[in-house]
Amino acid sequence: MACQAPALSARVGMQSTRSEILDGVSMQDSALAMNSFVAEMQFVFPQQSAEISRSLLRTAMAQREAQRLGIQLPKLAVESAITTLETSVLQSLGAEGDLDSWAYAQHQQSWAAVRPQYARHLADNLLYQTVLRADAIQHGRVKMWWLLSSTSSQATQWARSLASGRDPASLLSESLVSGPEPDGSYPPLAVYLPGAAGVQVATATAGDLIGPLQLPGDQSWMVGLVIAVLPAQEQLPPVSVLLEDLRQHPVGPLEARAWFDEMSRRYTAHAIFSPITAPLEAFVPIR
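Parameters at a glance
Residues numbered from 1 in each chain as written. Predicted model: local features only at pLDDT ≥ 70, side-chain atom pairs only at ≥ 80, totals over all residues. Heavy atoms only, no water. 1 Å grid on protein atoms, 1.4 Å probe; cavity = no way out; pocket = protein on both sides within 12 Å on 5 of 7 lines; lining within 4 Å. Points joined across faces, edges and corners; volume = space filled by probe spheres on them. Helix = DSSP H or I, 4+ residues; strand = E, 2+ residues; numbered from the N terminus. Nonpolar A, V, L, I, M, F, W, Y, C, P; charged D, E, K, R; others polar. Pairing = 2+ DSSP bridges. Axes fitted to C-alpha atoms, helices over the stretch in contact; angles between N-to-C directions. Contact = heavy atoms within 4.5 Å. Expected span 1.5 Å × (residues − 1). Salt bridge = Lys/Arg side-chain N within 4 Å of Asp/Glu carboxyl O. Phe/Tyr/Trp six-rings, centres within 6.5 Å; stacked < 30°, edge-to-face > 60°. Buried < 20%, exposed > 50% of the residue type's maximum accessible area, 1.4 Å probe, protein only. Polar contact = N/O pair within 3.5 Å; in protein donor to acceptor, adjacent residues only side chain to side chain.

Asker: Could you give an account of empty space enclosed by the protein, with specific residues and numbers?
Answerer: Applying the stated criterion across every chain yields a total of one cavity of 30 Å³ or more. If you list the elements that add at least two residues to the lining of the largest cavity, you get helix 5 (111-139) and helix 9 (253-266). Top contributing element to the lining of the largest cavity by residue count: helix 9, with three residues. Residues that form the lining of the largest cavity fall into these classes: six nonpolar, no polar and one charged.

Asker: Please provide a residue-by-residue account of the sheet that holds strand 1 (residues 21-27), values included.
Answerer: Read from one edge of the open sheet, three strands run 1-2-7, paired in antiparallel fashion. Among the strands making up the open sheet, the edge pair consists of strand 1 and strand 7 (283-285). Within this sheet the neighbouring strands show an average axis-to-axis angle of 45 degrees, counted without direction. Sheet topology note: the strand 2 (residues 30-33)/strand 7 ladder contains three bridges and is antiparallel. The partner of A31 across the bridge, within strand 7, is V284. The sheet strands contacting helix 1 (residues 34-44) are strand 1 and strand 2, and the helix crosses strand 2 at an angle near 40 degrees.

Asker: Explain helix 6 (residues 152-163) residue by residue, including any values.
Answerer: An α-helical segment advances 3.6 residues per turn. Residues three or four places apart therefore align on the same side. When the terminal C-alpha atoms of helix 6 are compared, their 16 Å separation across twelve residues agrees well with the 16 Å that a helix rising 1.5 Å per residue should span. Looking at the buried side of helix 6, the elements it contacts are strand 3 (141-149), strand 5 (209-213) and strand 6 (221-230). One or two steps after helix 6, the chain reaches G165, where phi turns positive at roughly 105 degrees.

Asker: Pulling in residues and values, what's your account of the pattern of salt bridges?
Answerer: Should their charged atoms come close, side chains of opposite charge can pair. Across all of its chains, the model carries 15 salt bridges by this definition. For the salt bridge of R257 with D218, the shortest nitrogen-to-oxygen distance reads 3.2 Å. With R257 in helix 9 and D218 in the loop between strand 5 and strand 6, the pair connects residues that are 39 residues apart, well separated along the chain. Members of the salt-bridge network, linked through shared partners, are E65, R68, D135, E262, R265 and R266.

Asker: Provide a residue-level description of the packing of aromatic side chains, including the pertinent values.
Answerer: Under the defined criterion, the tally for this structure stands at four aromatic pairs. When the ring of W111 is compared with that of Y118, the centres are 5.4 Å apart and the planes differ by 45 degrees; the resulting orientation is tilted. Under the relative-accessibility criterion, W111 is labelled buried at 8%. Using a relative accessible area of 22% as the deciding quantity, one classes Y118 as partly exposed. Ring geometry for Y128 versus W259: centroids 5.1 Å apart, planes at 70 degrees, classification edge-to-face.

Asker: Could you give me a rundown of the side chain of S185, with the residues and numbers involved?
Answerer: Examined against the element boundaries, S185 turns out to sit in the loop between helix 6 and strand 4 (189-190). Accessibility expressed as a relative area gives 0% for S185, which makes it buried. Side-chain polar atoms of S185 contact the side chain of K143, separated by 3.2 Å. A polar contact is formed between the side chain of S185 and the side chain of D183, at a distance of 2.7 Å.

Asker: Could you give an account of the sheet that holds strand 4, with specific residues and numbers?
Answerer: With antiparallel pairing, the four strands of this open sheet are ordered in space as 4-3-6-5. Each end of this open sheet is capped by a strand with a single partner; those strands are strand 4 and strand 5. Where strand 3 lies against strand 4, two bridges are found, and the strand directions are antiparallel. Bridge pairing in strand 4 links V142 to L189.

Given below as structure tokens:
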């Protein structure tokens with residue numbers, strides 16, 4: 001069903017916004033054209049524009065997944081998140097700080113005016129994390145050790161050592177990074193990992209060696225050892241259980257990448273900007 005959903009795209013089509021204007025930016029009887037604003041932002045802030053595009057795609061895919069999975073966040077969870085943010089901001093400001101002053105410095109508005117936007121962003125992020133974890137449970141997960149190297153030769157040597165029975169924990173000091181678990185391993189990840197990792201993990205069993213391999217677009221080399229394979233579960237746990245699991249095991253970079261790649265395939269989503277074009281006249285007559 002998910003594969004049949006309408007496609008999502010972050011491709012910026014300037015023609016589609018040519019008649020739109022940006023509220024609040026005007027000059028006599030003209031207003032700033034939205035396509036000119038987007039093109040300029042894309043040119044001046046290319047990395048930030050790409051990040052915003054990806055974030056909006058992520059939110060849209062998460063919302064569709066939430067509908068598919070029947071997941072709704074309790075209002076208490078969202079309110080708890082905004083309260084935690086408020087506490088964190090106040091602590092960073094010190095005894096003399098207040099939320100209104102901070103909000104005016106950041107957004108030129110009071111905290112009461114911007115609080116709903118922060119709450120929406122926090123709710124979107126929490127929903128994304130919840131459906132990410134739920135989908136992994138539904139499709140099956142694998143718990144692993146992962147070792148990361150900058151060279152293929154070191155990764156190959158690790159693979160030989162692991163194949164001969166060496167404890168992966170003894171190699172963690174040589175790895176560029178280690179897993180977030182106390183023993184240096186990774187919490188269960190979805191079986192649909194990117195590239196060759198996903199292909200090998202799909203048929204793996206406990207004790208199997210994964211790699212050496214490189215994820216698409218990465219320079220580093222990875223070697224993994226499967227600790228356990230957790231089968232797919234058709235019946236999802238309650239949202240409260242998912243939220244507690246997220247609290248104990250926050251979403252990591254590899255898990256986030258795997259989900260985004262899988263959802264992009266599932267919903268035929270793209271995040272590629274069209275060539276930057278905008279009319280020479282940024283301000284257009286107000287009609």
